[in-house]
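Next come the chains, spelled out residue by residue.
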Amino acid sequence: MSSADAQHSLLDEPFVEAAHKVYNKKVDGHFRRIKWGIQLATLAIYYFLPFVRWHRGPDAPSQAVLVDFPHRRFYFFFIEIWPQEVYYITGLLILAALVLFLMNAVAGRIWCGYMCPQTVWTDFYMTAERWIEGDARDRIKLDEGPWTAEKIRKKIAKHFVWLLIAWWTGGAWVLYFADAPTLVYNLATFQPGVGEAYLWIGILAFTTYVFAGVMREKLCLHACPWPRIQAALTDEYALNVTYRHDRGEPRMSLKQATAARAAGQPSGDCVDCGQCVAVCPTGVDIRKGAQLGCIQCGLCIDACDAVMEKIRRPPRLIGYDTEMNVKRRECGEPAIYKPLRVRTVFYGVLILAIGGFMSITLMTRGDMHVSVLHDRNPLAVRLKDGGARNGYTIRFANKKPETRRFVVAVAGLSGAQTEIVGVSPDDKGQEVIEVGPDQTREARVLLSTHGVTPGKGQTPVVFTATDAETGASTAVKDVFIWP
């Protein structure tokens, strides 16, 4: 073929591959069973966790995991997160990213293949489709055949089951934001005040149906950024689903391979049966090398191992391997595995450090929080007697389920007088601020130096809030500004 003909042939090829539906076959094996286990575990946690109870005392929500927007709380079993502690959520997101990086450095896109929500729900939808319409060959025959009563019945049944799964998925999500049994009853009996819940269920049901039922692998190929990002986070020592060219090539049919071996000619173990492609949920031919569509689920390994067992050849013609081992085998060198290297150790140390720090701060945090905000306008006021006055806003957070009384004291400014606006002294002459259970309260505090010769600049002061019952206290630093 001339160069002109070759160039013309390249120009005739489409720039974007035409869309085609993937009919993946059912497969059984080691990795398929792992996927089943992870899928059942993750779906069970998602759907039923809102119904798990956790006793926190009277007048406290008893749902184990709850995002309580009206009261601005997040509950996770024995952990309670306040709005002031949103940095814990930030820390969890950082930990999740680092765990994802570590998984990628160890075994490539193993997250995509086993735990990604898109993968889990798509597999769930494919299972329902296979249960109603049959395996791959039956589904192809059904789609290519005419619209008979049987075909219409199966299509309606499939989409009805898909919509039920989608509705259940959206319904389970909203249960994390309200008491689950109560909300289920209100939704089932069409109680007033749950219109917003129906709206969110509808939105989430629609996205689940579209992503898992319609788009499927196209979301991974064209919309998800992770396949592009992970390429920059992996290296030649990361495990990936790999076809062993040194064993499989030259590929030929079983009869041809038998004849070639009898004649002393080279023959690979691959019999070109195409089962690795037939079972792939994204339609990838792993024999062509690493590809964007491969989610590292390992189903092609199970399919190939089953064929190798039938033809009495060693398993793992396709298996988890590293790019480095592929190169070493080409040079006749033995395979090596290095799960511990600078990249993985670095991620592991960061995960342990951040996780340990968050755990320590979570275990040692107090049940009260006090913050002070100095007045901005004016910063300071000169009094008639020559003294000065500063104003502050103190916010108290009571993290206990009972009412607490706090006494405020100020240190660091000699001869200063403290006045809490709107609070009268009690029998002991103390100005006590009462904060309700699981609530916050703001108080305005005036700090004055009557008849004291004004200083210059700023004087550090310490506000101490003490629980009148238990004696527990917390201190906050600020400054007294001289006019």
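Quick note: structure is the one above.
What you see is a predicted model, and the numbers here were worked out from it, not measured in a lab. (Residues numbered from 1 in each chain as written. Predicted model: local features only at pLDDT ≥ 70, side-chain atom pairs only at ≥ 80, totals over all residues. Heavy atoms only, no water.)

Student: Lay out the overall build of the protein chain in plain terms, naming residues and giving numbers.
Tutor: The secondary structure content of the protein chain amounts to 17 helices and 14 strands. On C-alpha atoms alone, the protein chain measures out to a radius of gyration of 33 Å, which is more than a quarter above the 23 Å that the 2.2 N^0.38 rule sets for 483 residues. Over its C-alpha atoms, taken along the principal directions, the protein chain stretches across nearly 115 × 60 × 50 Å. Going through the 483 residues of the protein chain one by one, you find that 40% of them count as buried. Look at the contacts in the protein chain between residues 6 or more apart in sequence, and 67% of them connect residues 24 or more apart. In the protein chain, 55 side chains carry a positive charge and 48 a negative one; their mean positions are 4 Å apart. (Helix = DSSP H or I, 4+ residues; strand = E, 2+ residues; numbered from the N terminus. Rg over C-alpha atoms; globule rule 2.2 N^0.38 Å. Buried < 20%, exposed > 50% of the residue type's maximum accessible area, 1.4 Å probe, protein only. Contact = heavy atoms within 4.5 Å. Lys, Arg positive; Asp, Glu negative; His and termini not counted. Charge placed at Lys NZ, Arg CZ, Asp CG, Glu CD.)

Student: Kindly report on the pairing of strand 9 (residues 404–411), identifying the contributing residues and their values.
Tutor: Here strand 9 runs beside strand 11 (residues 432–435); their pairing, made up of four bridges, is antiparallel. Paired with Arg 404 across the bridge in strand 11 is Val 435. In terms of strand pairing, strand 9 meets strand 13 (residues 458–467) through six bridges, oriented antiparallel. Across the sheet, residue Ala 411 finds its bridge partner in strand 13, namely Val 462. (Pairing = 2+ DSSP bridges.)

Student: Break down unusual backbone geometry for me, citing the residues and quoting the values.
Tutor: In this structure, the amide linkage connecting Glu 249 to the following residue, Pro 250, adopts the cis form with an omega of -5°. Its place among the elements puts Pro 250 in the loop between helix 12 (245–248) and helix 13 (254–262). Across the junction of Asn 377 and Pro 378, the peptide omega takes the value 0°, indicating a cis bond. Tracing the chain through its elements places Pro 378 in the loop between strand 6 (368–374) and strand 7 (381–382). Not every positive phi belongs to a glycine, and Asp 272 is a case in point at roughly 55°.

Student: With reference to specific residues and values, describe the packing of aromatic side chains.
Tutor: The geometry of an aromatic ring pair is captured by the separation of the ring centres together with the interplanar angle, meaning the angle of the planes. One pass over the full model with this rule turns up 22 aromatic pairs. Centroid distance Tyr 46 to Tyr 176: 6.2 Å. Interplanar angle 35°. Geometry classified as tilted. Here Tyr 46 is found in helix 2 (residues 30–48), whereas its partner Tyr 176 is found in the loop between helix 7 (149–174) and helix 8 (180–188), with 130 residues between them in sequence. Considered together, Tyr 46 and Tyr 176 belong to a single accessibility category, that of buried residues. Centroid distance Phe 396 to Phe 406: 5.7 Å. Interplanar angle 20°. Geometry classified as stacked. Of this pair, Phe 396 sits in strand 8 (residues 388–398) while Phe 406 sits in strand 9, placing them ten residues apart in sequence. Comparing Phe 396 with Phe 406 shows no difference in burial state: the two are buried. Of the aromatic side chains, those joined through ring pairs into one cluster are Tyr 46, Tyr 47, Phe 48, Phe 69, Trp 121, Trp 168, Trp 173, Tyr 176 and Phe 177. The aromatic ring of Trp 36 is capped on one face by Arg 32, whose charged end is 4.1 Å from the ring centroid. The ring of Trp 82 carries the charged tip of Lys 399 above its face, separated from the ring centre by 6.0 Å. (Phe/Tyr/Trp six-rings, centres within 6.5 Å; stacked < 30°, edge-to-face > 60°. Lys NZ or Arg CZ within 6 Å of the ring centre and 35° of its normal.)

Student: Could you give an account of a nonpolar patch on the surface, naming the residues involved and the relevant values?
Tutor: On the surface, Phe 48, Phe 51, Trp 168 and Val 184 cluster together to form a nonpolar patch covering roughly 380 Å² of accessible area. The topology assignment puts Phe 48 in helix 2. (Patch = residues over 30% accessible without salt bridge, like charges linked within 9 Å, V, L, I, M, F, W, Y side chains within 5 Å. Areas by Shrake-Rupley, 256 points an atom, 1.4 Å probe, with all protein chains shown as cover. Salt bridge = Lys/Arg side-chain N within 4 Å of Asp/Glu carboxyl O.)

Student: Which residues make up the sheet that holds strand 14 (residues 473–481), and what values do they have?
Tutor: One open sheet accounts for four strands, arranged 11-9-13-14; its pairing is antiparallel. Here the strands that pair on one side only, and so sit at the sheet edges, are strand 11 and strand 14. On average, each strand axis in the sheet is tilted by 30° relative to the strand beside it, whichever way the strands run. (Axes fitted to C-alpha atoms, helices over the stretch in contact; angles between N-to-C directions.)

Student: Quick one: what's the story with the packing of helix 2 against helix 7, residue by residue and with numbers?
Tutor: Remark: helix 2 packs on helix 7, axes separated minimally by 8 Å, with the N-to-C direction vectors making an angle of 60°. Classified by the angle their axes make, helix 2 and helix 7 are oblique. Note on element contacts: helix 7 touches helix 2 through Ile 165, Trp 168, Thr 169, Ala 172 and Trp 173, opposite Tyr 46, Tyr 47 and Phe 48. Class assignment of the residues belonging to the contact of helix 2 with helix 7 gives a composition of seven nonpolar, one polar and no charged. (Parallel < 35°, antiparallel > 145°, perpendicular 65-115°, else oblique. Nonpolar A, V, L, I, M, F, W, Y, C, P; charged D, E, K, R; others polar.)

Student: Just give me the short version of the sheet that holds strand 3 (residues 79–81), but keep the residues and values in it.
Tutor: Hydrogen bonding along the main chain pairs the strands of a sheet, whether they run parallel or antiparallel. Pairing is antiparallel across the open sheet formed by three strands, whose spatial order is 1-2-3. Pairing within the sheet leaves two strands with one partner each, and these edge strands are strand 1 (65–68) and strand 3. Ignoring which end each strand starts from, the neighbouring axes of this sheet average 10° apart. Relative to strand 3, strand 2 (residues 73–76) is paired through three bridges, and the arrangement is antiparallel. When the bridges of strand 3 are listed, Tyr 75 appears paired with Glu 80.

Student: Got a sec to walk through the side chain of Lys 158? Specific residues and values, please.
Tutor: Its place among the elements puts Lys 158 in helix 7. Accessibility expressed as a relative area gives 3% for Lys 158, which makes it buried. In contact with Lys 158, not counting residues within four places along its chain, are Glu 129, Ile 132 and Glu 133.

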